[in-house]
Amino acid sequence: MSNTGTCRGLILEPGSKPDMSPPHHCDIPAHRNLSQEWIQASIPAEQVAGQPERSSCSRYELDLVWNLSAMGASPNWMLNQSAQGSRPEVLLSNLKQEECKDGWTYSTEYFQSTVVTEFDLVCSEQWKQPLTSLVYFLGGLSGCFVSGLISDQFGRKPVLFGSIAILSIFSSAVAFAPSWPVFTVLFFMLGLGQIACYIVVFVLGSEILVGSSRILFSSLGQPFVYAFSMMLLPGTAYLVRSWRHLSLIMAVPGLACIPLWWLVPESPRWLLSQGRLQEAELLLRSAALENRVEAPPVIFHPPKAEKAGSQKAESVSFLDLLKTANIRHITLKLWLIWFSVSVSYFGLSFSMSTLYGNPFLNYFLLTAVELPAYFASWLAARSLPRRLSYISFSLLGALALLLIQVTMKSYPTLTMFLVLLGKFGVLAGNGVIYTYTGELSPTVIRNTAMSSCAMFSRVGSSVSPYLLEMAEFNELLPWIVLGVLSLLSVVLCTFLPEMFRQPLPDTIEQMPVTQWFAWSWPSKTSLKGEEKVTKEQTTSLEIICTTCL
(Lines give C-alpha, C1' and ligand atoms only; values in the text may rest on other atoms or scores of the structure.)
Protein backbone atom coordinates (compact mmCIF):
# COMPACT_ATOMS: atom_id res chain seq x y z
CA MET A 1 0.00 0.00 0.00
CA SER A 2 2.78 2.41 0.87
CA ASN A 3 4.55 1.80 -2.44
CA THR A 4 1.31 2.32 -4.31
CA GLY A 5 0.75 5.59 -2.46
CA THR A 6 4.28 6.69 -3.29
CA CYS A 7 3.73 6.06 -6.99
CA ARG A 8 0.49 7.95 -6.88
CA GLY A 9 1.96 10.94 -5.06
CA LEU A 10 4.94 11.24 -7.38
CA ILE A 11 2.81 10.99 -10.50
CA LEU A 12 0.03 13.32 -9.41
CA GLU A 13 1.54 16.43 -8.01
CA PRO A 14 3.20 17.90 -11.10
CA GLY A 15 -0.28 18.30 -12.46
CA SER A 16 -1.49 20.40 -9.60
CA LYS A 17 0.24 23.60 -10.63
CA PRO A 18 1.93 23.48 -14.07
CA ASP A 19 0.99 27.03 -14.94
CA MET A 20 3.59 28.91 -12.90
CA SER A 21 3.74 32.39 -14.42
CA PRO A 22 7.15 34.07 -14.11
CA PRO A 23 7.61 37.85 -14.51
CA HIS A 24 7.44 38.91 -18.15
CA HIS A 25 7.29 41.90 -20.51
CA CYS A 26 6.90 42.53 -24.22
CA ASP A 27 9.69 41.19 -26.38
CA ILE A 28 11.72 43.68 -28.43
CA PRO A 29 12.95 41.97 -31.63
CA ALA A 30 16.72 42.00 -32.13
CA HIS A 31 16.41 43.12 -35.78
CA ARG A 32 15.21 46.53 -34.54
CA ASN A 33 18.80 47.21 -33.46
CA LEU A 34 17.74 49.22 -30.43
CA SER A 35 20.23 49.87 -27.66
CA GLN A 36 19.65 48.38 -24.25
CA GLU A 37 18.64 51.73 -22.78
CA TRP A 38 15.99 52.20 -25.47
CA ILE A 39 14.77 48.64 -24.96
CA GLN A 40 14.32 49.46 -21.27
CA ALA A 41 12.60 52.76 -22.06
CA SER A 42 10.18 51.15 -24.55
CA ILE A 43 8.34 49.32 -21.73
CA PRO A 44 5.92 51.61 -19.82
CA ALA A 45 5.92 51.71 -16.03
CA GLU A 46 2.77 50.80 -14.07
CA GLN A 47 1.79 51.12 -10.44
CA VAL A 48 1.32 47.68 -8.83
CA ALA A 49 0.48 47.65 -5.10
CA GLY A 50 1.86 51.18 -4.87
CA GLN A 51 5.19 50.24 -6.48
CA PRO A 52 6.31 51.07 -10.04
CA GLU A 53 6.80 47.99 -12.21
CA ARG A 54 7.38 47.40 -15.90
CA SER A 55 4.22 46.67 -17.85
CA SER A 56 3.66 42.99 -18.61
CA CYS A 57 1.22 43.37 -21.48
CA SER A 58 2.05 46.55 -23.42
CA ARG A 59 4.91 48.57 -24.87
CA TYR A 60 5.31 51.93 -26.55
CA GLU A 61 4.64 51.74 -30.27
CA LEU A 62 7.86 50.28 -31.57
CA ASP A 63 7.94 52.26 -34.83
CA LEU A 64 7.88 55.56 -32.89
CA VAL A 65 10.59 54.34 -30.53
CA TRP A 66 12.71 53.27 -33.51
CA ASN A 67 12.28 56.70 -35.14
CA LEU A 68 13.43 58.44 -31.94
CA SER A 69 16.42 56.14 -31.81
CA ALA A 70 17.24 56.79 -35.50
CA MET A 71 17.18 60.55 -34.84
CA GLY A 72 20.05 60.05 -32.41
CA ALA A 73 17.94 60.73 -29.36
CA SER A 74 18.34 58.74 -26.21
CA PRO A 75 16.51 58.57 -22.90
CA ASN A 76 19.43 60.38 -21.27
CA TRP A 77 19.38 63.13 -23.96
CA MET A 78 15.67 63.62 -23.42
CA LEU A 79 16.24 63.90 -19.68
CA ASN A 80 18.80 66.64 -20.32
CA GLN A 81 16.11 68.60 -22.14
CA SER A 82 14.02 68.74 -18.99
CA ALA A 83 16.24 71.60 -17.80
CA GLN A 84 15.10 73.66 -20.83
CA GLY A 85 11.45 73.19 -20.03
CA SER A 86 10.57 69.98 -21.83
CA ARG A 87 8.90 67.12 -19.95
CA PRO A 88 10.50 63.90 -21.25
CA GLU A 89 8.41 61.79 -18.88
CA VAL A 90 5.33 63.32 -20.40
CA LEU A 91 6.70 62.83 -23.87
CA LEU A 92 7.30 59.16 -23.21
CA SER A 93 3.93 58.63 -21.56
CA ASN A 94 2.21 60.38 -24.44
CA LEU A 95 3.59 57.90 -26.91
CA LYS A 96 0.99 55.52 -28.24
CA GLN A 97 1.07 52.07 -26.69
CA GLU A 98 0.48 48.71 -28.37
CA GLU A 99 0.08 45.10 -27.33
CA CYS A 100 2.94 42.62 -27.36
CA LYS A 101 2.89 41.80 -31.08
CA ASP A 102 6.23 39.96 -30.97
CA GLY A 103 5.60 37.81 -27.92
CA TRP A 104 7.08 38.10 -24.46
CA THR A 105 10.39 37.84 -22.67
CA TYR A 106 10.10 35.74 -19.50
CA SER A 107 12.28 35.76 -16.42
CA THR A 108 14.30 32.57 -16.01
CA GLU A 109 15.28 33.24 -12.40
CA TYR A 110 13.22 30.33 -11.12
CA PHE A 111 11.74 28.59 -14.18
CA GLN A 112 13.39 27.65 -17.44
CA SER A 113 10.18 26.52 -19.12
CA THR A 114 6.57 26.28 -17.97
CA VAL A 115 3.27 25.71 -19.72
CA VAL A 116 2.60 29.43 -19.42
CA THR A 117 5.86 30.50 -21.06
CA GLU A 118 5.72 27.91 -23.84
CA PHE A 119 2.12 28.55 -24.87
CA ASP A 120 2.12 32.28 -23.91
CA LEU A 121 -0.81 32.03 -21.49
CA VAL A 122 -0.49 35.66 -20.35
CA CYS A 123 -2.22 39.00 -20.90
CA SER A 124 -5.13 38.47 -23.32
CA GLU A 125 -4.64 34.70 -23.01
CA GLN A 126 -4.39 34.70 -19.22
CA TRP A 127 -7.92 33.34 -18.91
CA LYS A 128 -6.53 29.99 -20.03
CA GLN A 129 -4.50 29.61 -16.83
CA PRO A 130 -7.41 29.02 -14.41
CA LEU A 131 -9.25 27.16 -17.19
CA THR A 132 -6.36 24.70 -17.40
CA SER A 133 -6.64 23.95 -13.70
CA LEU A 134 -10.43 23.77 -14.02
CA VAL A 135 -10.16 21.14 -16.76
CA TYR A 136 -7.77 19.12 -14.60
CA PHE A 137 -10.19 19.12 -11.68
CA LEU A 138 -13.14 18.34 -13.95
CA GLY A 139 -11.19 15.28 -15.02
CA GLY A 140 -10.95 14.38 -11.35
CA LEU A 141 -14.69 14.94 -11.01
CA SER A 142 -15.36 12.52 -13.87
CA GLY A 143 -12.91 10.01 -12.44
CA CYS A 144 -14.66 10.10 -9.07
CA PHE A 145 -18.03 9.30 -10.59
CA VAL A 146 -16.84 6.54 -12.92
CA SER A 147 -14.28 4.86 -10.66
CA GLY A 148 -16.64 4.62 -7.68
CA LEU A 149 -19.28 2.74 -9.66
CA ILE A 150 -16.73 0.50 -11.38
CA SER A 151 -14.93 -0.25 -8.12
CA ASP A 152 -18.11 -1.31 -6.34
CA GLN A 153 -19.11 -3.48 -9.31
CA PHE A 154 -15.81 -5.04 -10.40
CA GLY A 155 -13.50 -4.69 -7.41
CA ARG A 156 -10.99 -2.31 -5.87
CA LYS A 157 -7.83 -3.85 -7.32
CA PRO A 158 -8.57 -3.49 -11.08
CA VAL A 159 -9.56 0.17 -10.65
CA LEU A 160 -6.45 0.88 -8.58
CA PHE A 161 -3.96 -0.41 -11.13
CA GLY A 162 -5.97 0.92 -14.04
CA SER A 163 -5.79 4.43 -12.61
CA ILE A 164 -2.03 4.07 -12.04
CA ALA A 165 -1.66 3.09 -15.70
CA ILE A 166 -3.68 6.15 -16.77
CA LEU A 167 -1.44 8.43 -14.72
CA SER A 168 1.78 7.00 -16.16
CA ILE A 169 0.61 6.94 -19.77
CA PHE A 170 -0.84 10.43 -19.87
CA SER A 171 1.95 11.96 -17.82
CA SER A 172 4.28 10.77 -20.58
CA ALA A 173 1.94 11.99 -23.30
CA VAL A 174 1.65 15.47 -21.74
CA ALA A 175 5.39 15.95 -22.20
CA PHE A 176 4.90 15.85 -25.99
CA ALA A 177 1.84 18.12 -26.19
CA PRO A 178 2.37 20.42 -29.23
CA SER A 179 -0.26 23.00 -28.28
CA TRP A 180 -2.38 24.22 -25.40
CA PRO A 181 -5.63 22.49 -26.56
CA VAL A 182 -3.84 19.14 -26.80
CA PHE A 183 -2.20 19.73 -23.42
CA THR A 184 -5.60 20.49 -21.89
CA VAL A 185 -7.15 17.25 -23.19
CA LEU A 186 -4.25 15.18 -21.84
CA PHE A 187 -4.40 17.11 -18.57
CA PHE A 188 -8.07 16.17 -18.25
CA MET A 189 -7.14 12.49 -18.44
CA LEU A 190 -4.49 12.97 -15.75
CA GLY A 191 -7.13 14.48 -13.48
CA LEU A 192 -9.46 11.57 -14.27
CA GLY A 193 -6.96 9.01 -13.02
CA GLN A 194 -5.42 10.78 -10.04
CA ILE A 195 -8.29 10.95 -7.54
CA ALA A 196 -9.54 7.47 -8.45
CA CYS A 197 -6.13 6.08 -7.48
CA TYR A 198 -6.05 7.82 -4.11
CA ILE A 199 -9.64 6.97 -3.17
CA VAL A 200 -9.33 3.29 -4.11
CA VAL A 201 -6.09 2.92 -2.14
CA PHE A 202 -7.85 4.45 0.86
CA VAL A 203 -10.92 2.21 0.56
CA LEU A 204 -8.87 -0.94 -0.06
CA GLY A 205 -6.68 -0.30 2.97
CA SER A 206 -9.67 0.56 5.15
CA GLU A 207 -11.43 -2.67 4.22
CA ILE A 208 -8.41 -4.95 4.63
CA LEU A 209 -7.30 -3.51 7.98
CA VAL A 210 -9.27 -3.22 11.21
CA GLY A 211 -9.05 -1.36 14.50
CA SER A 212 -5.95 0.67 15.24
CA SER A 213 -4.21 -0.62 12.10
CA ARG A 214 -6.92 0.87 9.92
CA ILE A 215 -6.67 4.22 11.70
CA LEU A 216 -2.89 4.15 11.37
CA PHE A 217 -3.14 3.51 7.63
CA SER A 218 -5.91 5.97 6.78
CA SER A 219 -4.89 8.80 9.11
CA LEU A 220 -1.11 8.55 9.00
CA GLY A 221 0.34 5.96 6.63
CA GLN A 222 -1.15 6.94 3.29
CA PRO A 223 -1.15 10.73 3.91
CA PHE A 224 2.47 10.60 5.11
CA VAL A 225 3.62 8.81 1.96
CA TYR A 226 1.63 11.28 -0.13
CA ALA A 227 3.10 14.30 1.65
CA PHE A 228 6.65 12.91 1.48
CA SER A 229 6.23 12.39 -2.26
CA MET A 230 5.08 15.98 -2.62
CA MET A 231 8.13 17.17 -0.71
CA LEU A 232 10.32 15.50 -3.33
CA LEU A 233 8.65 17.53 -6.06
CA PRO A 234 10.14 21.02 -5.45
CA GLY A 235 13.64 19.53 -5.27
CA THR A 236 13.04 17.66 -8.50
CA ALA A 237 11.59 20.77 -10.14
CA TYR A 238 14.57 22.81 -8.93
CA LEU A 239 16.97 20.42 -10.67
CA VAL A 240 14.79 19.89 -13.75
CA ARG A 241 13.58 23.34 -14.79
CA SER A 242 11.75 22.20 -17.96
CA TRP A 243 8.15 21.14 -17.43
CA ARG A 244 8.33 18.59 -20.29
CA HIS A 245 11.28 16.77 -18.76
CA LEU A 246 9.60 16.94 -15.36
CA SER A 247 6.45 15.29 -16.76
CA LEU A 248 8.51 12.42 -18.17
CA ILE A 249 10.26 11.90 -14.84
CA MET A 250 6.92 11.84 -13.03
CA ALA A 251 5.74 8.99 -15.26
CA VAL A 252 8.59 6.68 -14.21
CA PRO A 253 7.33 5.68 -10.70
CA GLY A 254 4.27 4.07 -12.25
CA LEU A 255 6.52 1.32 -13.60
CA ALA A 256 7.54 0.44 -10.05
CA CYS A 257 3.90 -0.32 -9.26
CA ILE A 258 3.66 -3.17 -11.78
CA PRO A 259 5.04 -5.89 -9.43
CA LEU A 260 2.55 -4.81 -6.78
CA TRP A 261 -0.25 -6.46 -8.79
CA TRP A 262 0.88 -9.82 -7.36
CA LEU A 263 1.30 -8.42 -3.84
CA VAL A 264 -1.80 -6.30 -3.26
CA PRO A 265 -4.92 -8.44 -2.51
CA GLU A 266 -8.49 -7.73 -3.43
CA SER A 267 -10.71 -6.49 -0.61
CA PRO A 268 -12.18 -9.47 1.31
CA ARG A 269 -15.05 -7.25 2.41
CA TRP A 270 -15.90 -6.48 -1.20
CA LEU A 271 -15.67 -10.19 -2.15
CA LEU A 272 -18.02 -11.02 0.72
CA SER A 273 -20.48 -8.27 -0.25
CA GLN A 274 -20.56 -9.77 -3.77
CA GLY A 275 -21.30 -13.24 -2.45
CA ARG A 276 -17.89 -14.60 -3.49
CA LEU A 277 -17.40 -16.44 -0.21
CA GLN A 278 -14.88 -19.01 -1.40
CA GLU A 279 -12.51 -16.36 -2.75
CA ALA A 280 -12.83 -14.32 0.46
CA GLU A 281 -12.16 -17.37 2.63
CA LEU A 282 -9.19 -18.43 0.50
CA LEU A 283 -7.71 -14.96 0.81
CA LEU A 284 -8.14 -14.93 4.58
CA ARG A 285 -6.63 -18.37 5.03
CA SER A 286 -3.67 -17.38 2.84
CA ALA A 287 -3.19 -14.27 4.98
CA ALA A 288 -3.37 -16.37 8.15
CA LEU A 289 -0.77 -18.76 6.76
CA GLU A 290 1.56 -15.94 5.75
CA ASN A 291 1.24 -14.27 9.15
CA ARG A 292 1.66 -17.62 10.95
CA VAL A 293 -1.74 -17.32 12.60
CA GLU A 294 -4.17 -20.21 12.90
CA ALA A 295 -7.42 -19.42 11.11
CA PRO A 296 -10.68 -20.58 12.73
CA PRO A 297 -12.23 -23.77 11.27
CA VAL A 298 -15.27 -21.79 10.10
CA ILE A 299 -14.66 -18.18 9.09
CA PHE A 300 -18.19 -17.39 7.89
CA HIS A 301 -21.08 -18.94 9.78
CA PRO A 302 -23.77 -20.34 7.47
CA PRO A 303 -26.51 -17.84 8.45
CA LYS A 304 -24.21 -14.87 7.88
CA ALA A 305 -22.78 -16.41 4.75
CA GLU A 306 -26.29 -16.82 3.36
CA LYS A 307 -27.06 -13.22 4.27
CA ALA A 308 -23.89 -12.02 2.58
CA GLY A 309 -24.66 -14.11 -0.47
CA SER A 310 -28.16 -12.66 -0.72
CA GLN A 311 -26.68 -9.15 -0.76
CA LYS A 312 -25.14 -9.85 -4.15
CA ALA A 313 -28.58 -9.79 -5.75
CA GLU A 314 -29.19 -6.34 -4.36
CA SER A 315 -27.31 -4.12 -6.79
CA VAL A 316 -26.34 -0.73 -5.44
CA SER A 317 -25.96 2.53 -7.33
CA PHE A 318 -25.15 6.16 -6.82
CA LEU A 319 -28.82 6.87 -6.03
CA ASP A 320 -28.67 4.56 -3.00
CA LEU A 321 -26.73 7.35 -1.26
CA LEU A 322 -30.06 9.18 -1.18
CA LYS A 323 -32.25 6.12 -0.58
CA THR A 324 -33.34 6.66 3.02
CA ALA A 325 -33.72 9.82 5.07
CA ASN A 326 -30.79 8.86 7.31
CA ILE A 327 -28.23 8.17 4.57
CA ARG A 328 -29.52 11.16 2.61
CA HIS A 329 -28.89 13.58 5.49
CA ILE A 330 -25.44 12.15 6.13
CA THR A 331 -24.50 12.19 2.44
CA LEU A 332 -25.57 15.79 1.82
CA LYS A 333 -23.63 17.05 4.85
CA LEU A 334 -20.52 15.12 3.83
CA TRP A 335 -20.73 16.51 0.28
CA LEU A 336 -20.80 20.09 1.56
CA ILE A 337 -17.98 19.45 4.04
CA TRP A 338 -15.74 17.92 1.36
CA PHE A 339 -16.53 20.85 -0.94
CA SER A 340 -15.50 23.37 1.73
CA VAL A 341 -12.32 21.48 2.66
CA SER A 342 -11.27 21.20 -0.99
CA VAL A 343 -11.77 24.90 -1.72
CA SER A 344 -9.70 25.75 1.37
CA TYR A 345 -6.92 23.28 0.57
CA PHE A 346 -6.46 24.11 -3.11
CA GLY A 347 -7.17 27.79 -2.51
CA LEU A 348 -4.15 27.84 -0.22
CA SER A 349 -2.06 26.07 -2.87
CA PHE A 350 -3.04 28.45 -5.66
CA SER A 351 -2.61 31.49 -3.42
CA MET A 352 1.00 30.43 -2.86
CA SER A 353 2.02 32.56 -5.87
CA THR A 354 0.96 35.72 -3.99
CA LEU A 355 3.32 35.04 -1.10
CA TYR A 356 6.67 36.73 -0.71
CA GLY A 357 9.86 34.71 -1.24
CA ASN A 358 11.33 31.85 -3.25
CA PRO A 359 8.51 29.78 -4.82
CA PHE A 360 10.42 26.50 -4.40
CA LEU A 361 10.96 27.15 -0.69
CA ASN A 362 7.34 28.27 -0.22
CA TYR A 363 6.07 25.12 -1.91
CA PHE A 364 8.35 22.94 0.22
CA LEU A 365 7.17 24.61 3.45
CA LEU A 366 3.51 24.32 2.48
CA THR A 367 4.11 20.64 1.75
CA ALA A 368 6.25 19.90 4.82
CA VAL A 369 3.53 21.25 7.13
CA GLU A 370 1.35 18.35 5.99
CA LEU A 371 3.48 15.86 7.93
CA PRO A 372 2.70 17.26 11.41
CA ALA A 373 -0.89 17.89 10.27
CA TYR A 374 -1.48 14.24 9.40
CA PHE A 375 0.38 13.11 12.51
CA ALA A 376 -1.94 15.28 14.62
CA SER A 377 -5.00 13.86 12.83
CA TRP A 378 -3.76 10.32 13.56
CA LEU A 379 -3.31 11.08 17.25
CA ALA A 380 -6.79 12.60 17.34
CA ALA A 381 -8.29 9.59 15.54
CA ARG A 382 -6.82 7.26 18.16
CA SER A 383 -8.10 9.05 21.25
CA LEU A 384 -10.75 11.65 20.42
CA PRO A 385 -14.24 11.65 18.93
CA ARG A 386 -14.37 12.32 15.20
CA ARG A 387 -16.55 15.41 15.39
CA LEU A 388 -14.53 17.06 18.13
CA SER A 389 -11.29 16.40 16.25
CA TYR A 390 -12.53 17.82 12.97
CA ILE A 391 -14.15 20.87 14.54
CA SER A 392 -11.03 21.72 16.57
CA PHE A 393 -8.68 21.51 13.58
CA SER A 394 -11.00 23.40 11.27
CA LEU A 395 -11.51 26.22 13.77
CA LEU A 396 -7.74 26.57 14.10
CA GLY A 397 -7.38 26.79 10.30
CA ALA A 398 -10.24 29.26 9.96
CA LEU A 399 -8.85 31.56 12.64
CA ALA A 400 -5.40 31.62 11.01
CA LEU A 401 -6.83 32.34 7.56
CA LEU A 402 -9.00 35.18 8.85
CA LEU A 403 -6.03 36.77 10.68
CA ILE A 404 -4.08 36.97 7.41
CA GLN A 405 -6.01 40.09 6.44
CA VAL A 406 -4.33 41.88 9.37
CA THR A 407 -0.75 40.90 8.52
CA MET A 408 -0.82 40.61 4.72
CA LYS A 409 0.69 43.98 3.83
CA SER A 410 3.08 44.70 6.69
CA TYR A 411 4.37 41.40 8.04
CA PRO A 412 5.31 38.92 5.28
CA THR A 413 7.01 36.49 7.68
CA LEU A 414 4.04 36.42 10.05
CA THR A 415 1.73 36.05 7.06
CA MET A 416 3.66 32.99 5.93
CA PHE A 417 3.38 31.53 9.44
CA LEU A 418 -0.39 32.07 9.43
CA VAL A 419 -0.66 30.45 5.99
CA LEU A 420 1.24 27.42 7.29
CA LEU A 421 -0.93 27.33 10.43
CA GLY A 422 -4.05 27.60 8.29
CA LYS A 423 -2.94 24.75 6.09
CA PHE A 424 -2.08 22.70 9.18
CA GLY A 425 -5.65 23.08 10.41
CA VAL A 426 -7.20 22.38 7.01
CA LEU A 427 -5.01 19.32 6.38
CA ALA A 428 -5.47 17.86 9.87
CA GLY A 429 -9.22 18.25 9.46
CA ASN A 430 -8.95 16.70 6.00
CA GLY A 431 -7.22 13.65 7.48
CA VAL A 432 -9.98 13.25 10.04
CA ILE A 433 -12.78 13.65 7.48
CA TYR A 434 -11.29 10.91 5.26
CA THR A 435 -11.37 8.44 8.15
CA TYR A 436 -14.76 9.72 9.31
CA THR A 437 -16.36 9.31 5.88
CA GLY A 438 -15.00 5.79 5.46
CA GLU A 439 -16.41 4.81 8.85
CA LEU A 440 -19.83 6.31 8.13
CA SER A 441 -20.18 4.58 4.74
CA PRO A 442 -21.43 0.96 4.52
CA THR A 443 -19.31 -1.66 2.76
CA VAL A 444 -21.79 -2.34 -0.05
CA ILE A 445 -21.49 1.25 -1.27
CA ARG A 446 -18.36 2.55 0.48
CA ASN A 447 -16.30 3.24 -2.66
CA THR A 448 -19.25 4.94 -4.34
CA ALA A 449 -19.80 7.06 -1.22
CA MET A 450 -16.13 8.02 -1.02
CA SER A 451 -16.04 8.78 -4.74
CA SER A 452 -19.19 10.90 -4.53
CA CYS A 453 -17.59 12.95 -1.76
CA ALA A 454 -14.47 13.24 -3.87
CA MET A 455 -16.69 14.48 -6.72
CA PHE A 456 -17.87 17.39 -4.60
CA SER A 457 -14.30 17.86 -3.48
CA ARG A 458 -13.37 18.24 -7.13
CA VAL A 459 -16.17 20.76 -7.63
CA GLY A 460 -14.55 22.77 -4.85
CA SER A 461 -11.09 22.41 -6.34
CA SER A 462 -12.49 23.51 -9.72
CA VAL A 463 -13.66 26.74 -8.12
CA SER A 464 -10.39 27.35 -6.25
CA PRO A 465 -8.31 28.62 -9.23
CA TYR A 466 -10.73 31.51 -9.57
CA LEU A 467 -10.23 32.59 -5.96
CA LEU A 468 -7.22 34.60 -7.08
CA GLU A 469 -9.48 36.53 -9.45
CA MET A 470 -11.26 37.94 -6.37
CA ALA A 471 -8.03 39.69 -5.43
CA GLU A 472 -8.73 42.19 -8.21
CA PHE A 473 -11.56 43.54 -6.07
CA ASN A 474 -9.76 43.14 -2.73
CA GLU A 475 -6.49 41.30 -2.17
CA LEU A 476 -7.78 39.98 1.17
CA LEU A 477 -11.03 38.60 -0.23
CA PRO A 478 -9.64 35.11 -1.13
CA TRP A 479 -8.37 34.60 2.42
CA ILE A 480 -11.71 35.70 3.90
CA VAL A 481 -13.59 33.24 1.69
CA LEU A 482 -11.30 30.40 2.77
CA GLY A 483 -11.84 31.19 6.44
CA VAL A 484 -15.62 31.40 6.10
CA LEU A 485 -15.80 28.05 4.26
CA SER A 486 -13.82 26.41 7.06
CA LEU A 487 -16.36 27.76 9.55
CA LEU A 488 -19.21 26.40 7.40
CA SER A 489 -17.74 22.89 7.49
CA VAL A 490 -17.53 23.14 11.30
CA VAL A 491 -21.24 23.87 11.55
CA LEU A 492 -22.16 20.97 9.26
CA CYS A 493 -19.96 18.50 11.14
CA THR A 494 -21.88 19.05 14.38
CA PHE A 495 -24.90 17.36 12.78
CA LEU A 496 -23.15 14.10 11.82
CA PRO A 497 -23.38 10.89 13.91
CA GLU A 498 -20.33 9.98 15.96
CA MET A 499 -18.32 6.90 14.85
CA PHE A 500 -15.66 6.84 17.55
CA ARG A 501 -14.95 3.21 18.58
CA GLN A 502 -17.89 1.93 16.51
CA PRO A 503 -17.75 -1.07 14.09
CA LEU A 504 -17.95 -0.34 10.38
CA PRO A 505 -21.45 -0.66 8.89
CA ASP A 506 -21.78 -3.25 6.11
CA THR A 507 -25.28 -2.39 4.91
CA ILE A 508 -27.25 0.82 4.55
CA GLU A 509 -29.55 -0.29 7.34
CA GLN A 510 -26.60 -0.55 9.75
CA MET A 511 -25.63 3.11 9.31
CA PRO A 512 -25.78 5.09 12.58
CA VAL A 513 -28.50 7.63 13.19
CA THR A 514 -27.53 11.20 14.02
CA GLN A 515 -27.65 12.08 17.72
CA TRP A 516 -27.65 15.85 17.90
CA PHE A 517 -24.65 17.24 19.78
CA ALA A 518 -23.99 13.90 21.53
CA TRP A 519 -20.24 13.45 22.05
CA SER A 520 -18.68 10.08 22.80
CA TRP A 521 -15.50 9.95 24.87
CA PRO A 522 -13.09 7.10 25.51
CA SER A 523 -13.79 5.35 28.78
CA LYS A 524 -13.23 2.02 30.46
CA THR A 525 -16.76 1.03 29.56
CA SER A 526 -16.30 1.85 25.89
CA LEU A 527 -12.93 0.06 25.82
CA LYS A 528 -14.50 -3.08 27.28
CA GLY A 529 -17.34 -2.78 24.81
CA GLU A 530 -14.89 -2.50 21.95
CA GLU A 531 -13.03 -5.60 23.09
CA LYS A 532 -16.34 -7.46 23.26
CA VAL A 533 -17.30 -6.35 19.76
CA THR A 534 -13.90 -7.44 18.45
CA LYS A 535 -14.33 -10.91 19.93
CA GLU A 536 -17.81 -11.23 18.45
CA GLN A 537 -16.51 -10.17 15.06
CA THR A 538 -13.77 -12.82 14.92
CA THR A 539 -15.94 -14.94 12.63
CA SER A 540 -18.35 -12.27 11.40
CA LEU A 541 -18.29 -9.64 8.71
CA GLU A 542 -15.53 -7.70 10.59
CA ILE A 543 -13.04 -9.98 8.88
CA ILE A 544 -9.29 -10.48 9.14
CA CYS A 545 -9.23 -9.83 12.90
CA THR A 546 -7.73 -13.30 13.40
CA THR A 547 -5.15 -12.95 10.63
CA CYS A 548 -3.61 -9.64 11.74
CA LEU A 549 -3.17 -8.73 8.02
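All of these numbers come straight from a predicted model, not from anything done at the bench. (Residues numbered from 1 in each chain as written. Predicted model: local features only at pLDDT ≥ 70, side-chain atom pairs only at ≥ 80, totals over all residues. Heavy atoms only, no water.)

Quick word on the packing of helix α7 (residues 128–154) against helix α9 (residues 180–208)
Phase 1: The contact between α7 and α9 brings their axes to 6 Å, and the two run at 40 degrees. Classed by the angle they form, the pair α7 and α9 counts as oblique. Judged by the twist between their axes, the crossing of α7 over α9 is right-handed.
Phase 2: When its residues are assigned to classes, the contact of α7 with α9 shows 14 nonpolar, ten polar and one charged. (Axes fitted to C-alpha atoms, helices over the stretch in contact; angles between N-to-C directions. Helix = DSSP H or I, 4+ residues; strand = E, 2+ residues; numbered from the N terminus. Parallel < 35°, antiparallel > 145°, perpendicular 65-115°, else oblique. Left-handed = near helix turned anticlockwise from the far one by under 90°. Nonpolar A, V, L, I, M, F, W, Y, C, P; charged D, E, K, R; others polar.)

Let's talk about the pattern of salt bridges
Phase 1: Across all of its chains, the model carries 14 salt bridges by this definition.
Phase 2: A salt bridge links glutamate 118 to arginine 244; its shortest N-O distance comes to 2.5 Å. Within this pair, whereas glutamate 118 is found in helix α6 (residues 115–119), its partner arginine 244 is found in helix α11 (residues 243–251), the two being separated by 126 residues in sequence.
Phase 3: Classification of glutamate 118 by relative accessible area gives partly exposed; the value is 34%.
Phase 4: Judged by relative accessible area, which is 18%, arginine 244 ranks as buried.
Phase 5: For arginine 387, the salt bridge is made with glutamate 498, and the minimal N-O distance between the two is 3.9 Å. In this pair, arginine 387 sits in helix α19 (residues 386–407) while glutamate 498 sits in the loop between α22 (477–493) and α23 (524–536), placing the two residues 111 residues apart along the sequence.
Phase 6: Take glutamate 498: its relative accessible area is 13%, and that puts it in the buried class.
Phase 7: Bridged by salt links that share partners, the residues Arg59, Glu98, Lys101 and Asp102 form one connected network. (Salt bridge = Lys/Arg side-chain N within 4 Å of Asp/Glu carboxyl O. Buried < 20%, exposed > 50% of the residue type's maximum accessible area, 1.4 Å probe, protein only.)

Focus: helix α21 (residues 446–463)
Phase 1: Taking 1.5 Å per residue as the helical rise, α21 with its 18 residues ought to reach 26 Å, and the 26 Å between its terminal C-alpha atoms agrees with that figure.
Phase 2: Burial within α21 is extensive, with 15 of its 18 residues counted as buried. (Expected span 1.5 Å × (residues − 1).)

Overview of the packing of aromatic side chains
Phase 1: Here the structure, examined in full by the defined rule, presents 15 aromatic pairs.
Phase 2: Taken together, a centroid distance of 6.2 Å and an interplanar angle of 75 degrees make the contact between tryptophan 127 and tryptophan 180 edge-to-face. Here the residue tryptophan 127 occupies a position in the loop between α6 and α7, and tryptophan 180 occupies one in helix α9, the gap between them amounting to 53 residues.
Phase 3: You can call tryptophan 127 partly exposed: its relative accessible area is 48%.
Phase 4: Judged by centre distance (5.5 Å) and plane angle (75 degrees), the rings of tyrosine 198 and tyrosine 434 are edge-to-face. Linking tyrosine 198 in helix α9 with tyrosine 434 in helix α20 (residues 412–440), this pair joins segments that are 236 residues apart in sequence. Each member of the pair, tyrosine 198 together with tyrosine 434, is buried.
Phase 5: Taken together, Phe119, Tyr136, Phe137, Phe183, Phe187 and Trp243 form an aromatic cluster joined through their ring pairs. (Phe/Tyr/Trp six-rings, centres within 6.5 Å; stacked < 30°, edge-to-face > 60°.)

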